[in-house]
Amino acid sequence: MWGLGYNAALVATGAGLLGAAAGITGSFLVLRKRALVSDAIAHATLPGIALAFLVMVALGGDGRSLAGLLMGSALSAWLGLLCVGWLTHATRLSEDAAIGAVLSVFFGFGILLLTVIQSLNLGRQAGLETFLLGATAGMLYSDALTIAIGGGLATLAALVLRRPMLTAAFDPGYAIATGLDVRRVDLAMMGLVMAITVIGIKIVGLVLIVAMVILPPVTARFWSDRGNRVVLIAGIMGGLTGLVGALISATAPNLPTGPIIVLTGSAGFALSLLIAPRRGLLATVLGQHRYQRQVHLRQGLLALAHGHPVYERFTLRLLIRAGLANPDGTATETGRAAAARALLDESRWQVLRADPAQEIAASHYDGLRPIETVLTPDQIAQIDARLAPRPLT
Amino acid sequence: MQLGLAARDGRIVSTDENKTAPLAVRGLTVTYGEKPALFALDATFEAGVMSAIIGPNGAGKSTLLKAVLGMVSPVSGDIRAYGHPVRDVLDRIAYVPQRASVDWDFPARVIDVVLMGMARELGLLRPIRRAHRDRAMDCLTRVGMEHFADRQIGQLSGGQQQRVFLARALAQEADLYLLDEPFAGVDAATEKTIVAVLKSLRDTGRTVVVVHHDLATVSDYFERALLINTTRIAEGPVADVLTPDTLQATYGGRLAQAQLAQILG
């Protein structure tokens, strides 16, 4: 692949597939507002890895069978998940507190076990630490295949369950009322994230895998207001992040793959945060400024129409700059015409809003929108007929 | 009726009517921690009628609906819909939760929310077809929201959100409608629209049960009322149930005499 080495191509493919699957399954977790559960899941894998190693060594193996280690990580992650659920459900602890407790206890226990394993001097323990931050140097074809199959299955399951998961995320009470078993849907949702975590820790490491689950959906949310599309965009975003991050890390020796992937995802997030249309920071700030100016102009015009003085300096400055007012605060020729138009528009709106039968049209009223954009000319003529005949200044 | 009901309640109520009533609750007790939200509550909601559940804040009105729908587990009690355990007949029941119970910034359009009402028939994988969309649009038209189908739900006013929730319930094509404070914080036009929709449901034989907080409109909107404050205070036709005694018993000192006079006309 592009003249990369065999290993780099494997890693890029694996990371891309993992990113896509993580983004898709993570979307539901984020929309359910339980993003941090993934952090608890990831940290809870560590004691399982260490215990699996010890068990395999005790049974006479060399303790480094990936399948065995992943099995152990899945078991302890599942146990951590059940602990979070139980603590939240059966005690007065809130979910964030339960997540914090489970995360630190499991992780602490895992680190302790790692230390114990090191002191046992088994001579071949080296390697378990790589699960913390990930390692891709010795990635095998079978590892990439595991990711492809596992990630594919998780994605497929997420697509099958997308309706109940979205309903439960938006309105869990209603979901229960329609007969949905929300507890089981939640469990499935977290089980999928757990599966992604387990197959992903080899590449990204358990400390950083949470970023692959959370970053793509929060990034995707900037670009769409529709649940299905957020999931889709998160999948694409996650895939690209994994692929690009892995390729960047292959450009120089000793660049750690996991952190580079996470930084790539962060860059995508930061960019979206800034430039996304409507929800982005830039669009929000610009929109607020534009809105503020429009409000000031409109209020200034209405003041002029009523013959009131314009008190606010900002308003006056806007009016003058638009050629609607003279520096002394009086209306210019164009200003008088614009003021009369604004007043007429406002009066028409008031008639419309007083009419219960016109409620839908009236709901477009925001103090700025010209009524011509909502009603047809003959509808406006009808309103004008009902306008109290008073002189417009 | 009124307070005298207690005597009648001494007997076991097991008429045929109660066996097949759209909703019958017997001895329902629900607690959050140690404090009961509902205690030994009996209530029967009749078919083809609009009923109000009335009581002060914290009286257990919403809890009653949540217990009926399985969102909270009761300590004790029997709840039956059409003579069956509620879980077996959920497809005949539509629920309109409190508007404030969800996050309206969720990525969904109005039409997506209404389509959620068809979750049971759509299942996991059945594609959403033209017929489903048309039906969803019909439901939106009934609540006067047909022009908002493609709006993001975060852009709606409170009244519009409430109407979308009602449209979602209509999409379920149920027989029993349970609404939790549908008039809370909505504009007058929305309230009128919702009342008209609910009355049309009743006129086509559906049963409507509403958790209601505005005593002044009870007699305009509803035929029957259930007054509760943790336990049942009174149940029956609105005219019989809304009396100074029952209201005093329900609200304690919270209702001034002037308010009472106004409510009772």
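Parameters and conventions
- Residues numbered from 1 in each chain as written.
- Chains lettered and ligands numbered in written order.
- Predicted model: local features only at pLDDT ≥ 70, side-chain atom pairs only at ≥ 80, totals over all residues.
- Heavy atoms only, no water.
- Buried < 20%, exposed > 50% of the residue type's maximum accessible area, 1.4 Å probe, protein only.
- Helix = DSSP H or I, 4+ residues; strand = E, 2+ residues; numbered from the N terminus.
- Pairing = 2+ DSSP bridges.
- Contact = heavy atoms within 4.5 Å.
- Buried area = accessible area lost by both parts, 1.4 Å probe.
- Salt bridge = Lys/Arg side-chain N within 4 Å of Asp/Glu carboxyl O.
- Polar contact = N/O pair within 3.5 Å; in protein donor to acceptor, adjacent residues only side chain to side chain.
- pLDDT = per-residue confidence, 0-100.
- Phe/Tyr/Trp six-rings, centres within 6.5 Å; stacked < 30°, edge-to-face > 60°.
- Axes fitted to C-alpha atoms, helices over the stretch in contact; angles between N-to-C directions.
- Expected span 1.5 Å × (residues − 1).
- Core = buried A, V, L, I, M, F, W, Y, C linked by side-chain atoms within 4.5 Å.

1. Looking at the pairing of strand β9 (residues 224-229) of chain B
Residues and elements named next belong to chain B. Judged by how many residues are buried, β9 sits mostly within the fold: five of six residues are covered. Bridging between strand β3 (residues 50-54) and β9 involves four bridges; their strand directions are parallel. Paired with S51 across the bridge in β9 is R224. The sheet contact formed by β9 and strand β10 (residues 231-237) spans six bridges and is antiparallel. Within β10, the residue paired with N229 across the bridge is T231. The loop that links β9 with its antiparallel partner β10 comprises one residue; one of these, T230, has a positive phi angle of about 65°.

2. Let's talk about the interface of chain A and chain B
Counting from both sides, the interface comprises 31 residues of chain A and, opposite them, 41 residues of chain B. Taking both partners together, chain A and chain B bury about 2800 Å²; carbon and sulfur atoms supply 59% of that area. Where chain A meets chain B, there are four salt bridges. Taken together, the links from chain A to chain B amount to 11 residue pairs in polar contact (both at pLDDT 80 or more). Put simply, the parts of the chain that give the side of chain A that touches chain B at least two residues each are α8 (162-170), α9 (172-177), α12 (227-250) and α17 (359-362) of chain A. Residue contributions to the side of chain A that touches chain B peak at seven residues, all from α8(A).

3. Looking at the confidence of the model for chain B
Residues and elements named next belong to chain B. Across chain B, the average pLDDT comes to 89, with 88% of residues at or above 70. In this model residues 1-14 is a low-confidence stretch, pLDDT under 50, and it forms 20 contacts with partners more than four residues away in sequence or in other chains. In the predicted complex, the global pTM is 0.87; the interface-specific ipTM is 0.89.

4. As for the environment of R353(A)
Relative to the helices and strands, R353(A) resides in helix α16 (residues 333-353). Non-local contacts of R353(A), meaning those with residues more than four positions away in its chain, are made with A362(A) and Y365(A).

5. A closer look at the packing of aromatic side chains
Here a ring pair, both rings aromatic, is described through the centre-centre distance and the interplanar angle of the planes. Under the defined criterion, the tally for this structure stands at eight aromatic pairs over all chains. Ring centres of Y221(B) and F222(B) lie 6.2 Å apart, and the angle between their planes is 65°; on these two criteria the pair is classed as edge-to-face. When sorted by exposure, Y221(B) lands in the same class as F222(B), which is buried. By the ring-pair criterion, three or more aromatic residues cluster together here, those being F170(A), W104(B), F106(B) and F165(B).

6. Here we look at the sheet that holds strand β7 (residues 176-180) of chain B
All names here are of chain B. Across the sheet, which stays open at both edges, the six strands sit in the order β6-β7-β8-β3-β9-β10 with mixed pairing between neighbours. One side of each edge strand has no neighbouring strand; the edge strands of this open sheet are β6 (93-96) and β10. Put simply, the sheet's adjacent strands are angled 15° from each other on average, direction ignored. Where β6 and β7 come together, four bridges link them in parallel fashion.

7. Considering α12(A)
Taking 1.5 Å per residue as the helical rise, α12(A) with its 24 residues ought to reach 34 Å, and the 35 Å between its terminal C-alpha atoms agrees with that figure. On its buried face, α12(A) sits against α1 (6-31), α8, α11 (209-221) and α13 (257-275) of chain A.

8. Things to note about the environment of V211(B)
Residues and elements named next belong to chain B. In this structure, V211 sits in strand β8 (residues 207-212). V211 sits 159 residues away from A52 along the chain, and the two C-alpha atoms are 5.8 Å apart. Once residues lying within four places of it in the same chain are set aside, the contact partners of V211 are I53, K61, S62, L65, L179, D180, E181 and P182.

9. Section: the nonpolar core
Counting 113 residues, the largest nonpolar core has F170(A), I153(B), L198(B) and L227(B) as the members making the most contacts within it. In this view, I153(B) contacts F170(A), W104(B), F106(B), A108(B), R109(B), V110(B), V113(B) and Q161(B); residues no more than four positions away in its chain are not counted. In this structure, L38(B), A67(B), V86(B) and I93(B) belong to the second largest nonpolar core, which totals 31 residues.

10. Describing the pairing of β3(B)
Residue and element names in this part refer to chain B. By the criterion of burial, β3 is predominantly enclosed, with five of the five residues buried. Going residue by residue along β3, you find M50, A52 and I54 tucked away on one face and S51 and I53 tucked away on the opposite face as well. Examined bridge by bridge, β3 and β8 share five bridges and lie parallel to one another. Bridging across to β8, M50 finds its partner in V208.

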